Amino acid sequence: MGAPNGAPTDSAITRNARAAILIRMTSPPSPGVPASHPCYLRRVQQNATPRDDPGPGWRLLAALCLAVVALVLGTRILAPSDLNQNQDQSKTIAFTLDAAVNGNWALPRDGSGELTRKPPLVNWIGAVPVLAGWHAEPALKLPSVLAGVGTVVAAAVGGLVLFRRLGDHGSDAGDAALARHAPACALAAGAVWIACPSSIKHVYFMRPDMLFTLWLTIGWASATVLVTGPTPKRPRTTAVVMWTAAGLAALTKGPMALLIPAYALLAGLLIADHPERAHWRARASRTARVGWWWGVPLMLAMPGGWLLAAWRADPAHVEGVLLGQELGSRVPGSGESGALAKIWYALHRGVPGLLFSRFAPWGVLTILAVITKPSRAWLGHPTGPASLWVVMVLVVNVLTAGRSGSYLMPAYPAAGILAVYALARIIAGREGTRMRAAPAWVALAALLVAACVGGREAFFSRAARTGDGETLKAFARDAEALVGDDPVVFIRTGDLPLASLMGRAQAGEPDASSLAGAVWLVVAGDLGPIPAAVSKLESAPVLLPGRPGEDRSGQRATIRLLRAGPNAPTPP
């Protein structure tokens, strides 16, 4: 019904408002400036379409990304257990149980009696479910699961920051289209990160690597917001997040946490996100946002407090092993071989090439994003912070002769952002006309990769072929039901996670007093007849881990649960 007294209707008002907006959009920014001016074109592009346009398939995209995460976690949890596949994992789990059961929080010991060589933050977190009475495999690996889900979120947040900046860069229409779909592409970046061989393995693998990746990703993302763009709304809060993440990273895996402040310094000095902020004074002012005078003490206080507690518990171990061997071995040029020899060793082992094998198939797209972005200065492009972070992680691993592919894991979230950028640009075309559908196609590709890699873990991995992990879990479950709360000692089990799966902690072989008070014995291998001991349970043969001074490589034997008699055996 029309408006009374000849007043214009709502539809007429709406049409007039739209016409006024169109006039403002299409008018030049100032007199004498041509309509082809880049600033004018950029304003038209940004006003013509909402900045964050989720597109019609937003729910489908969210469902695909959740399906990727669920598929990865479900496959790893339901697949045959890898508990006997890596001794380092068994050691980390034993550290957790020693801290929770015996109260050795500063310097926990593993099943062989060795003191930890790394900061124990992952063990402190893992001790929480153990103290609550839950020590099944999912509980023992819970820190890695939580860190993996957190890294998905951190990678998506980092991607959202960089993808939104593409709209202000004005390089081409494809970047502008991707900026309008920044949230969707950011979700796809989280899915891409978790859908790679390294992430799929470590998300359900009890080692510090996944937790370390989480802290470094948070530190990188917060430093990027702080020093590579306009001043954030809460710079002090962002700086606190950055330094806290750096401190927690140092408390997780040591000196590689220095990557966060080193990146903040280099990114602030090298990356100019706008011509007006390219002057060296402007770059120096950006680095000052970090708050070096209070941030460095905050970062060092966390590992420093632990080192002090560890030194009070065992000064010789801290000085000789933690500081002398572990820290010294990661300094370029230290040790028996020089810096050049270590660098050659790292290159010979193919440390940079691990980006293509452990981050397959996304590593190729990561390199493609770096070399084909529409900007001559690769650091000047909005994705430059991700490129700089990946390069820094690679360089550090080459200089310190990275020992395994897990040391490259902190590079993969940023590499995933670059891979999504490259793949979305390829799918959307040069002008970005198909950008609405691109994030969903990227997430679908991540789902297919997760299914393939997860299927390999479930059916063709060493854990699936041997079944040792499932054998140990079944034996520990049945043995725990028989022993109840009675005293149990473990003989020759070494780094087998049997004690941990039974909620116990034993450092090294039992002494005479422990054997004298034992009601039950868990024995790995053949010790011959034990006087007055009755066998109650026996497992299928499993691969025995090596023990100090003894070669048990490739040896398979059964695990037995014995009811001890009055004459306890002597320690082997």
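The numbers attached to residues start from 1 for each chain and follow its sequence in the written order. Where local features are concerned, this predicted model is filtered to residues with pLDDT of at least 70; where side-chain atom pairs are given and counted, the filter is 80 or more; whole-chain, interface and lining totals use all residues. Note that the side-chain values use all heavy atoms of the structure and ignore hydrogens as well as water.

Peer 1: Got a minute to help me understand the overall build of the chain in this structure?
Peer 2: Put simply, DSSP H or I for four residues or longer makes a helix, DSSP E for two residues or longer makes a strand, and each gets a number counted from the N terminus. When its secondary structure is counted, the chain shows 26 helices and 6 strands. Looking at the chain residue by residue over its 572 residues, the buried ones come to 50%. Restricting the contact set of the chain to residue pairs at least 6 apart, pairs at least 24 apart contribute 74%. Using a 1.4 Å probe, the Shrake-Rupley method yields the accessible areas, and only the shown protein chains count as cover for residues. As displayed, the chain offers around 25200 Å² of accessible surface, 63% of which is attributable to carbon and sulfur atoms. The buried label applies to any residue whose accessible area, calculated with a 1.4 Å probe on protein chains only, is under 20% of its type's maximum; exposed applies above 50%, and partly exposed to all values in between. By definition in these notes, contact holds between two residues if any of their heavy atoms fall within 4.5 Å.

Peer 1: Mind showing me how you'd approach the pairing of strand β2 (residues 520-524) here?
Peer 2: Within a regular strand, side chains alternate between the sheet's two faces. With 5 of its 5 residues buried, β2 lies for the most part within the structure. Because side chains alternate across β2, one face comprises the buried residues W520, V522 and A524, and the other comprises L521 and V523, equally buried. Sheet analysis places strand β1 (residues 488-491) next to β2, joined by 4 bridges and oriented parallel. Residue F490 lies in a different strand from β2, and its bridge partner there is V522. For two strands to be treated as a pair, DSSP must find at least two bridges joining them. With 5 bridges joining them, β2 and strand β6 (residues 559-563) adopt antiparallel strand pairing. Directly across from V522, in β6, lies its bridge partner L561.

Peer 1: Sorry if this is basic, but what is going on with the sheet that holds strand β3 (residues 534-538) here?
Peer 2: Backbone hydrogen bonds are what pair the strands of a sheet, in a parallel or an antiparallel way. The sheet built from 4 strands is open, its strands ordered β1-β2-β6-β3 with mixed pairing. Every interior strand has two partners, whereas the edge strands, β1 and β3, have only one. For this sheet, the mean angle separating the axes of adjacent strands, direction not counted, is 25°. Throughout, an axis means a line fitted to C-alpha atoms (over the contacting stretch in the case of helices), and angles, computed between N-to-C directions, take values from 0 to 180 degrees.

Peer 1: Explain the packing of aromatic side chains here, please?
Peer 2: Aromatic ring pairs: the centre-centre distance and the angle between the two ring planes describe each pair. When two rings of Phe, Tyr or Trp (its six-membered ring) have centres within 6.5 Å they constitute a pair, described as stacked for plane angles under 30 degrees, edge-to-face for angles over 60, and tilted for the intermediate range. Here the structure, examined in full by the defined rule, presents 3 aromatic pairs. Look at Y263 and W389: their rings are 5.5 Å apart centre to centre, the planes differ by 90°, and that puts the pair in the edge-to-face class. Within this pair, whereas Y263 is found in helix α13 (residues 259-270), its partner W389 is found in helix α20 (residues 384-399), the two being separated by 126 residues in sequence. Note on geometry: a ring has a charge over it if NZ (lysine) or CZ (arginine) is within 6 Å of the ring centre and within 35 degrees of the ring normal. Over the ring of F205 we find K201, and its NZ or CZ is 5.0 Å from the ring centre.

Peer 1: Help me out: how do you make sense of unusual backbone geometry in this one?
Peer 2: Note that the residue after A360, namely P361, is joined by a cis bond; omega there is -5°. One can find P361 in the loop between α18 (354-357) and α19 (362-372). A positive phi angle is found at R492, which is not glycine, with a value near 60°. With respect to the secondary-structure elements, R492 resides in the loop between β1 and α25 (498-501). The buried category is assigned to R492, whose relative accessible area is 16%.

Peer 1: When you look at helix α24 (residues 468-483) in this model, what are you seeing that I'm missing?
Peer 2: The periodicity of an α-helix, 3.6 residues per turn, causes residues three or four places apart in sequence to face the same way. Given the number of residues in a helix, its expected span is that number minus one, multiplied by 1.5 Å. Taking 1.5 Å per residue, 16 residues should reach 22 Å; α24 reaches 22 Å between its end C-alpha atoms and fits that length. Those residues of α24 that sit buried are D468, G469, T471, L472, F475, A476, A479 and V483. Each buried residue of α24 sits inside an arc of 155° when the element is viewed along its axis, so together they form one side. Residues of α24 that are exposed and angled more than 90 degrees away from the buried face: R477 and A481. One or two positions beyond α24, positive phi appears at G484, with a value near 60°. Note: the arc covers the axis-to-C-beta directions of the helix.

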